[in-house]
Amino acid sequence: MSDARRQRVARAAGLLRGQVRAPFAASAGTLVLLWASLTPSLMPRTALFQALLSGLCMLAGYAAGALAGWLVRSCGGRLAGRARMVAWRALAVAGGVGSLVALGFSLRWENEVRGLVEVDRVGPGHLVLTVLLSAVLFVLLLALSRAIRALGRVIGRFVGRYLPPAASTVIGGLLAAALVYALAVDVGGNRLLGALDSSFATINDELRTDVPAPTAPELTAGPASDQDWDDLGRQGRIFVANAPTAADIDAFISETQAPAKQPVRAYVGAGPEGVHIREEALAAAAELEALGGFERAVINVATGTGRGWVNENQAQALEFMWGGDTATVSLQYSYFPSWMSFVLDRQRSQDAGRALFDAVYARWLEIPEPERPLLVVSGESLGSFGGEAAFSGAQDLATRTDGALFVGPTADNELWSRFTEEREQGTPQVLPVLDGGETVRFADEPADWERPGAWEGTRIGYLQHANDPITWWSPDVAWDRPDWLAEERGRDVSPNVRWIPGVTMLQLGVDQFSANSVPGGQGHQFGTAPVFAWAAILPPPGWTDQRTAELAEVIRARRSIG
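The text that follows walks through the structure, step by step, so that each part is easy to find. Since we're looking at a predicted model, the values are computed, not measured.

Some words on the overall build of the protein
If you tally the helices and strands in the protein, you get 19 helices and seven strands. Within the span of the protein, comprising 562 residues, buried residues form 47% of the whole. Of all intrachain contacts in the protein linking residues separated by at least 6 positions in sequence, the fraction that spans at least 24 positions is 73%. Accessible surface for the protein amounts to roughly 26900 Å². Of this, 59% is attributable to carbon and sulfur atoms.

Shown next, in the form of structure tokens:
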């Protein structure tokens, strides 16, 4: 082998050793955050989601440890000689033993959480796959971070021609971070968003239900409608197609009730680019009037999720309960799924909720007071976030509506956050009591609606689960222990869940990917709970608890399109 080739091999080997080698403090930080990532949170995790969480935590631990080591070395502290050898051996033993113990506990905790939410248990194979995936992901993330650091050094050397070494190092790192951010977000991100928007718009247009346009004049795209079936979007077509018929409701209602009516369902799909959300809301109100919605006993203004999804169990509960003498109106304000719409354009959800209610309310006010239908608002998840936006507080809700049901609120819901913060002393964050439950109440289970006593006047209800990460995730959790982790744990939350700065926020973030994959009554799945909620908020005359239980079974057995 020639000398030049030997030199190239030596340089390559040195580069590889440099990449494999890790500082002591960084290695210790990686281990500590790995163990922390294996602690339980609200939802069960697949091996992939656990690996994602562990990889991110390990990278954070590496960075924190590296920073701590750099600060110590800057102050003159340094491991050398025998002390260095002993420290590394101690870390290796502690790391090996500690990791085995942490993995063993993690399997126990994982199965405990799975038992609470009633999903299948996992075995040792889950741990093996988790370890392998975590290692791969951590290596990839570390390589990426080192590449960015190397770019910073290159820039720093260039800047160092004109500035002192310390300043050039800092400036180089900042410029590298800014450059990567610009490439990833301003360039790649915008192109990705454009591609996603185009893709979801295509999906919205092409993925259609297999049922034809409705023939009932009470439904959008029917004979009395001004809307075209193909313009409703996938979720709009599903919403209209799932409307129960008068015959469906007749089979349930009591013989003492009047014959059932075909419920009104009015819907407007996302308009072409450039159409203002207010114009869509006015079109939805006009559609509601064209279908006879203002002549019904109850109007339900339902704010959907980003791409227009409306919870069928919420809508059908009122429809069956009131013998079909109801009208539900909604609109689509985005092509994106709920989580993506929340991250990228949450303001549009609030704009939609406010515009839709205002448009319906303005027409409702024109009806002579004795003839006005009952007016309620509803929404789930992002829909609750948007639905609240039309109101300034509990008194406003009580004054301008006859009831409201918000399901699975997000931690960013403005009214929900305020009501929760203002709860009575001694009541838990997961199940607060506001002003004696006079107007606003919170429930995890049906019996909770009865707390703390008689519920008079307009009733505003929040249906939420103690183990729903979509409700409890917030950036503040990174540095501030939330009350729900300082108080007694809520229903089906493991007593082993603990707050860990930074880590808990990441855990809840990952939990959100599983929140819709659990049985009803857990996480972000509410099953037939909206039936019991509406029975407490807006029951028709003569309604009983037995009828509520019977209706819950009817809705549970119904099969929805889509």
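Having seen the model, we can carry on.
Considerations on the packing of aromatic side chains
For the structure shown, the criterion picks out 16 aromatic pairs. An angle of 20° between the planes, with centres 5.4 Å apart, marks the rings of F49 and F513 as stacked. With F49 in helix α3 (residues 47-74) and F513 in the loop between α17 (503-511) and α18 (529-537), this residue pair connects regions lying 464 residues apart in the sequence. Where W472 meets W484, the ring centres are 6.0 Å apart and the plane angle is 40°; that geometry is what we call tilted. One end of the pair, W472, is in helix α15 (residues 469-472); the other, W484, is in helix α16 (residues 483-486), and 12 residues separate them in sequence.

As for the pairing of strand β4 (residues 374-380)
The buried fraction of β4 amounts to six of the seven residues, a majority that puts the element mostly inside the structure. Of the strand pairs in this sheet, strand β2 (residues 298-303) and β4 are connected by six bridges, and their pairing is parallel. In the sheet register, V301 faces β4, and the bridge partner there is V377. Pairing analysis gives four bridges linking β4 to strand β5 (residues 404-407), with the strands arranged parallel. Residue pairing across strands places E380 opposite V407, the latter belonging to β5.

Description of the packing of helix α2 (residues 24-37) against α3
Direction vectors running N to C along α2 and α3 enclose 145°, while the axes themselves pass 6 Å from each other. Judged by the sense of rotation from one axis to the other, the crossing of α2 with α3 is right-handed. Here A25, A26, G29, T30, L33, L34 and S37 of α2 come into contact with α3, specifically with Q50, L53, S54, C57, M58, G61, Y62, G65, A66 and G69. A breakdown of the residues in the contact of α2 with α3 according to their chemical character gives nine nonpolar, eight polar and no charged.

A closer look at a negative patch on the surface
A cluster of acidic residues, E421, E422, E424, D435 and E438, forms a negative patch at the surface. Within the secondary structure layout, D435 lies in the loop between α14 (414-421) and β6 (440-443).

What counts, and at which threshold
Residues numbered from 1 in each chain as written. Predicted model: local features only at pLDDT ≥ 70, side-chain atom pairs only at ≥ 80, totals over all residues. Heavy atoms only, no water. Helix = DSSP H or I, 4+ residues; strand = E, 2+ residues; numbered from the N terminus. Buried < 20%, exposed > 50% of the residue type's maximum accessible area, 1.4 Å probe, protein only. Contact = heavy atoms within 4.5 Å. Areas by Shrake-Rupley, 256 points an atom, 1.4 Å probe, with all protein chains shown as cover. Phe/Tyr/Trp six-rings, centres within 6.5 Å; stacked < 30°, edge-to-face > 60°. Pairing = 2+ DSSP bridges. Axes fitted to C-alpha atoms, helices over the stretch in contact; angles between N-to-C directions. Left-handed = near helix turned anticlockwise from the far one by under 90°. Nonpolar A, V, L, I, M, F, W, Y, C, P; charged D, E, K, R; others polar. Patch = residues over 30% accessible without salt bridge, like charges linked within 9 Å, V, L, I, M, F, W, Y side chains within 5 Å. Salt bridge = Lys/Arg side-chain N within 4 Å of Asp/Glu carboxyl O. Lys, Arg positive; Asp, Glu negative; His and termini not counted. Charge placed at Lys NZ, Arg CZ, Asp CG, Glu CD.

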